[in-house]
Amino acid sequence: MLSPKQLKSKIGAMRFYLVIMALLALVAYLGIRWGNHQYDYQARQIAGLEQSLARVTKENNQLTKSLNILGVELEVERLANQQMQGNLTQNLQKQAEIRRELSFYQKIMAPETQEQGVVVDSLDIEATNSPGYFRFALVLMQKDKRKDLVQGQAQVLIYGSQDGHPAKLTLTGLMEDDIEALGFRFRYFEVLEGLFKLPEGFIPQRMEVDCNLSKPKKGELKRSFEWLLFVSEAVEANS
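Every value quoted in this text rests on a predicted model; they were computed, and no experiment measured them.

Enquirer: Describe the nonpolar core, and please don't skip the residues or the numbers.
Expert: L138, I158, F184 and F196 are the most contacted members of the largest nonpolar core, which has 30 residues in total. Contributing elements (two or more residues each) for this core: β2 (118–127), β3 (133–142), β4 (150–162), α3 (171–174), β6 (183–186), β7 (189–197), β8 (202–215) and β9 (219–226). In terms of residue count, the dominant contributor to this core is β8 (five residues). Beyond its immediate stretch of four places on either side in the chain, F196 contacts I125, G132, Y133, F134, F136, I158, L171, L174, M175 and W227.

Enquirer: Tell me about the pattern of salt bridges, and please be specific about residues and values.
Expert: Going through the model one piece at a time under the given rule, you end up with four salt bridges. In this structure, E126 and R135 form a salt bridge, with 3.9 Å as the shortest nitrogen-oxygen distance. Assessed through its relative accessible area of 48%, E126 is described here as partly exposed. A salt bridge links E208 to R206; the nearest nitrogen and oxygen atoms lie 3.8 Å apart.

Enquirer: Outline unusual backbone geometry, listing residues and values.
Expert: The omega torsion of the bond from K215 to P216 falls at 5°, within 30 degrees of zero and hence cis. With respect to the helices and strands, P216 occurs in the loop between β8 and β9. With a phi angle near 55°, D163 is a residue other than glycine that sits in the positive phi range. Structurally, D163 is set in the loop between β4 and β5 (165–170). Judged by its relative accessible area of 61%, D163 falls in the exposed class.

Enquirer: Outline the environment of R223, listing residues and values.
Expert: Mapped onto the secondary structure, R223 falls in strand β9. Under the relative-accessibility criterion, R223 is labelled buried at 7%. Placed twelve residues apart in sequence, R223 and C211 show a C-alpha to C-alpha distance of 8.9 Å. Here D121 takes part through its backbone oxygen, which lies 2.9 Å from a polar atom of the side chain of R223.

Enquirer: So, the environment of W227: which residues are in play, and what are the values?
Expert: The topology assignment puts W227 in the loop between β9 and α4 (231–238). On the accessibility criterion, W227 (9% relative accessible area) is buried. Remark: the alpha-carbon pair of W227 and I158, spanning 69 residues in sequence, is separated by 8.9 Å. Every residue in contact with W227, bar those within four places of it in the chain, is listed here: I125, F134, F196, L198, P204, Q205, R206 and M207.

Enquirer: Can you tell me about the packing of aromatic side chains, naming the residues and giving the values?
Expert: Working definition: an aromatic ring pair is given by the centre-to-centre distance plus the angle between the planes. Here the structure, examined in full by the defined rule, presents five aromatic pairs. An angle of 25° between the planes, with centres 5.9 Å apart, marks the rings of F134 and F196 as stacked. Separated by 62 residues along the polypeptide, F134 in strand β3 and F196 in strand β7 bring together distant segments of the chain. Across this residue pair, the class does not change: F134 and F196 are buried. Where F134 meets W227, the ring centres are 5.6 Å apart and the plane angle is 80°; that geometry is what we call edge-to-face. Residue F134 is found in strand β3, and its partner W227 is found in the loop between β9 and α4; the two are separated by 93 residues along the sequence. The same class applies to F134 and to W227, which are both buried. Residue placement shows R206 over the ring face of Y159; its charged tip is 4.1 Å from the ring centre.

Here is what the cut-offs are and how they apply
- Residues numbered from 1 in each chain as written.
- Predicted model: local features only at pLDDT ≥ 70, side-chain atom pairs only at ≥ 80, totals over all residues.
- Heavy atoms only, no water.
- Core = buried A, V, L, I, M, F, W, Y, C linked by side-chain atoms within 4.5 Å.
- Buried < 20%, exposed > 50% of the residue type's maximum accessible area, 1.4 Å probe, protein only.
- Helix = DSSP H or I, 4+ residues; strand = E, 2+ residues; numbered from the N terminus.
- Contact = heavy atoms within 4.5 Å.
- Salt bridge = Lys/Arg side-chain N within 4 Å of Asp/Glu carboxyl O.
- Polar contact = N/O pair within 3.5 Å; in protein donor to acceptor, adjacent residues only side chain to side chain.
- Phe/Tyr/Trp six-rings, centres within 6.5 Å; stacked < 30°, edge-to-face > 60°.
- Lys NZ or Arg CZ within 6 Å of the ring centre and 35° of its normal.

Here you go:
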């Protein structure tokens, strides 16, 4: 291979420089073409990235708008739920107040609710953690100043409907304990408590307490109570 000096002496100085200039021009031309090609490639890449960025920005704005709408809806629902809970609490308080007033007037206007100074003070029903099972507390007390021994047997009837038909159940028939669990003997007061299970499909409406007194003398004591507990809701809440 000839060196540049030998090539110069062989083809002459003028031709040698012309060849060098031609080669430089070719290299410059190729460099410009390559540069333009790289520029176009990078421009296309930048344009693609800008389109992707615009699309992501648009989607982000839509998501932000949706989140804001959901936040407003959740806040409205929270306020509505809070108001419903407040109304429910007020209704329960009103029911309790009505029950107390009814108890007071019932003792005055209905002599059958008080016999020999003995009264059926209250009957509370509470749902348990077991579906269909309920706990009751029947409170009997003596109002007379002279506290004689009070003795007798209580019976509680539960009125309602079974599969759309009127039905009546006895509390002792629903209890697992012995029937004597509703017998009472006291001077001041007594709380009769127990557990019972309602049959499936039975919807209770009211309860009637019937007490047969044997001491201090024979007598009968009756009082009715409305069933204020929603059976289906109580079962679902505790299941």
